[in-house]
Amino acid sequence: MENFTDNALRILQERYLWRKGNGEELESPEEMLRRVAKYVAQAELKWSGKAEAEKWESFFFDMMSTLVFLPNSPTLMNAGLPKSQLSACFVLPVKDNLSGIFDTLKLAALVHQKGGGTGFNFSRLRPAGDPLGSQGGHASGPVSFIKLYDFATEQVKQGGKRRGANMGILNVDHPDILEFIRLKVNGKALQNFNLSVGIFDRFMEAVAEGRDWQLIHPNSRKVAQTLPAKEVWEAILEGAWENGNPGMVFLDTIHAANPLSKIGRIWATNPCGEVPMLDYESCNLGSVNLSRFVSNGKVDYQKLKETVRTGIRFLDNVIEVNHYPTIKIEKATLSNRKIGLGVMGWAEMLLRLQIPYDTEEAVHLGDQVMSFICRVSQEASHELALERGCFPNWEVSAFNPQKVMRNATVNSIAPTGTISILADTSSSIEPLFALAFQRKKVLNSGSLTTEVHPLFKKAVEEGGFPVQEILAEVRASGRCGHIADLPYQLRSVFKTALEIQPEWHLKHQLIFQKHTDNAVSKTVNLPETASPKDIGRIYCEAWKNKAKGITVFRNNSGNEQVIYQGIGK
Ligand code: UDP
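Bear in mind that the values here come from a model prediction, so they are computed numbers and not experimental data.

1. Description of the site of the ligand
Okay, step 1: Surrounding the ligand, one finds 21 residues, the nearest of these being S73, N270, T416, G417 and T418.
Okay, step 2: Here an oxygen atom of the ligand and a backbone polar atom of G417 are 2.8 Å apart.
Okay, step 3: Within the backbone of I419, a nitrogen or oxygen atom sits 2.9 Å from an oxygen atom of the ligand.
Okay, step 4: Contact with the protein chains removes 91% of the 530 Å² of surface that the ligand exposes when unbound.
Okay, step 5: Considered class by class, the residues forming the shell around the ligand number nine nonpolar, nine polar and three charged.
Okay, step 6: Residue-level mapping places the shell around the ligand at the junction of two domains, with at least three residues from each of domain 1 (6-83 + 286-420) and domain 2 (89-269).

2. Describing the packing of aromatic side chains
Okay, step 1: Scanning the model with the defined rule gives 16 aromatic pairs in all.
Okay, step 2: Taking 6.3 Å as the distance between ring centres and 35° as the angle between the ring planes, the aromatic pair formed by F120 and F193 counts as tilted. Taken together, the positions of F120 in strand β3 (residues 117-121) and F193 in strand β7 (residues 193-199) put the pair 73 residues apart, joining distant regions of the chain. Like F120, the residue F193 is buried in the burial classification.

3. Observations regarding helix α9 (residues 229-243)
Okay, step 1: Taking 1.5 Å as the rise per residue, α9 with 15 residues should run 21 Å; its terminal C-alpha atoms sit 22 Å apart, in good agreement.
Okay, step 2: Looking one or two residues beyond α9, the residue adopting positive phi is G244, at roughly 85°.

4. Considering the side chain of T153
Okay, step 1: Relative to the assigned elements, T153 resides in helix α6 (residues 142-155).
Okay, step 2: Residue T153 is classed as buried on the basis of its relative accessible area, which comes to 4%.

5. With respect to the nonpolar core
Okay, step 1: Ranked by internal contacts, the top residues of the largest apolar core, which has 158 residues, are F180, F203, F314, W346, L422 and Y539.
Okay, step 2: Considering every element that reaches this core, the biggest residue donor is helix α14 (residues 360-388), with 10 residues.
Okay, step 3: Excluding residues that lie within four positions of it along the chain, F180 makes contacts with V143, I146, G168, I169, L170, L195, S196 and V197.
Okay, step 4: Residues A436, I470, L471 and V474 belong to the second largest nonpolar core, which totals 21 residues.

6. Quick look at the layout of surface pockets
Okay, step 1: Of the voids in this model, the second largest pocket is the one considered here, and its volume is about 350 Å³.
Okay, step 2: The wall of the second largest pocket is formed by 16 residues, among which W56, E306, T307, R309 and T310 lie closest to the centre.
Okay, step 3: Only α3 (50-65), α11 (301-321) and α14 provide two or more residues apiece to the lining of the second largest pocket.
Okay, step 4: With six residues, α11 is the largest single contributor of residues to the lining of the second largest pocket.
Okay, step 5: Each residue belonging to the lining of the second largest pocket can be placed in one class, and the counts come to six nonpolar, three polar and seven charged.

7. Examining the domain arrangement of the chain
Okay, step 1: Split into domains, the chain comes out as domain 1 (6-83 + 286-420), domain 2 (89-269) and domain 3 (437-565).
Okay, step 2: Taking the mean C-alpha position of each, domain 1 and domain 2 sit 30 Å from one another.
Okay, step 3: Domain 1 puts 19 residues into the contact, and the matching count from domain 2 is 14 residues.
Okay, step 4: Of the roughly 1,400 Å² buried between domain 1 and domain 2 on both sides combined, carbon and sulfur atoms contribute 66%.
Okay, step 5: It is R15, P325 and V396 that lose the most area in domain 1 upon contact with domain 2, and together they represent 29% of the buried surface on that side.

Cut-off values and rules
- Residues numbered from 1 in each chain as written.
- Predicted model: local features only at pLDDT ≥ 70, side-chain atom pairs only at ≥ 80, totals over all residues.
- Heavy atoms only, no water.
- Near = heavy atom within 4 Å.
- Polar contact = N/O pair within 3.5 Å; in protein donor to acceptor, adjacent residues only side chain to side chain.
- Areas by Shrake-Rupley, 256 points an atom, 1.4 Å probe, with all protein chains shown as cover.
- Nonpolar A, V, L, I, M, F, W, Y, C, P; charged D, E, K, R; others polar.
- Domains from an automatic or database assignment.
- Phe/Tyr/Trp six-rings, centres within 6.5 Å; stacked < 30°, edge-to-face > 60°.
- Helix = DSSP H or I, 4+ residues; strand = E, 2+ residues; numbered from the N terminus.
- Buried < 20%, exposed > 50% of the residue type's maximum accessible area, 1.4 Å probe, protein only.
- Expected span 1.5 Å × (residues − 1).
- Core = buried A, V, L, I, M, F, W, Y, C linked by side-chain atoms within 4.5 Å.
- Contact = heavy atoms within 4.5 Å.
- 1 Å grid on protein atoms, 1.4 Å probe; cavity = no way out; pocket = protein on both sides within 12 Å on 5 of 7 lines; lining within 4 Å.
- Points joined across faces, edges and corners; volume = space filled by probe spheres on them.
- Buried area = accessible area lost by both parts, 1.4 Å probe.

Here it is, written out as structure tokens:
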């Protein structure tokens, strides 16, 4: 059993550990992991005996307690509770009538209460001001209902442990698109929503060719307005420049990759974008901690293979022992059995191999590592299908007849916002945010301080540099790129998110996307001086290179900074 860091322990104590017996004592982190391993291994009993279940329980415990794999937060928090809800990701439909809108709102509240996040596409709603037929009056439109959902989310804390998270999407041809794009421009609005415009290829082509663009009424399909495509495009870029919203989801790219396109078209993703899903689907995630797979200066592919295989089995088991807020969600989830195994600690893996993030060598390694994970994940799901049967919609899926599969999707790169802190590594495929930093708002009990990165400290000590001075400087600024005493190679390897050109952020996103059947959640960090045009270039590149979505964040934009470089001398 690895020791958790102080930061991890604070998070565990505040949010994850259960109260025991009389309610005064908390379970230990080890007891938490044993609870999760035991609960998830129970799924084995459906196909085999107690000895087999115990064997897997011990494998699951081992990979979590050595911090090489962790499941998404709801699995850690809820496994073993009555009606345990273990998934982080849901997509719910929003229909164009009042009872549909409120039914979905209620369902979203139930999902949030148990720690899940929800994504919606609001494009079926008629535009604001549309006459309401027999009752008279006028429709409020998607934007006002997004505000309603946001307000409701604010009131329902996720299991009392975190605020709900939502993705709100409006298609680029909806008559209210400009209002939607400007929703977050005025500061504090919509704290609980990420916004993305649902983009079609023909819109990107219209922008490139300087053509007009038609906004279409979602019910009558009549043209509501014609305007230059560039006008919509520039509004999107201004919003993204000002506060990171809206991002884009590329609906045609998602559609082309959807193995279940015969069942339906995908219109939305979960809150951070890593799982495009059909209405009512849910998905549970888990992430392999790549920083633990370097030995003797090389990637340990054998250990990675074993962990990925066990991880896929773990996530498939979760579907079996999971409880769902309604029958519709249960049915959709069990029909396709989507899971999302991803990674964290990518930047730390590169650090350990001494490969700077902003090099072709790093991107090439990303290609190798993720294609390996993808191949092993699919083999593992294939073998589970032979053992346990295919997902029920397999016959109408793109896998038929070439390959039997247990799961319609197997990989997703999640942000790993909390579990990477628990595993004491860099999040997802992001570069290090800083070499020392402070996070606000993660905990009720104050901010989290992350001391100077131990690998940096070690490099400075071993290199015979003036340790005290350099560490003081890095504690203050969070970076080392400007310290002339340090050699170029060391400064390159320890570059942080804002010292890395946006193009390299995107290259990493794209190379991981290439081998990820779901999607990649990534923020392309931009310097404060970046212009809307720079953002336009990134969005275009992302689309051309088959990203499923794209999000940027310009330094010091937006009104709610939660992470700060440096911790003071
Ligand atoms: N999520 C959520 N609320 C949060 C953070 C995350 O609902 O405050 C959901 C959301 O669907 C997100 C997914 O969990 O896309 C994965 O997020 P992350 O990897 O950061 O979660 P972790 O498992 O680290 O808590």
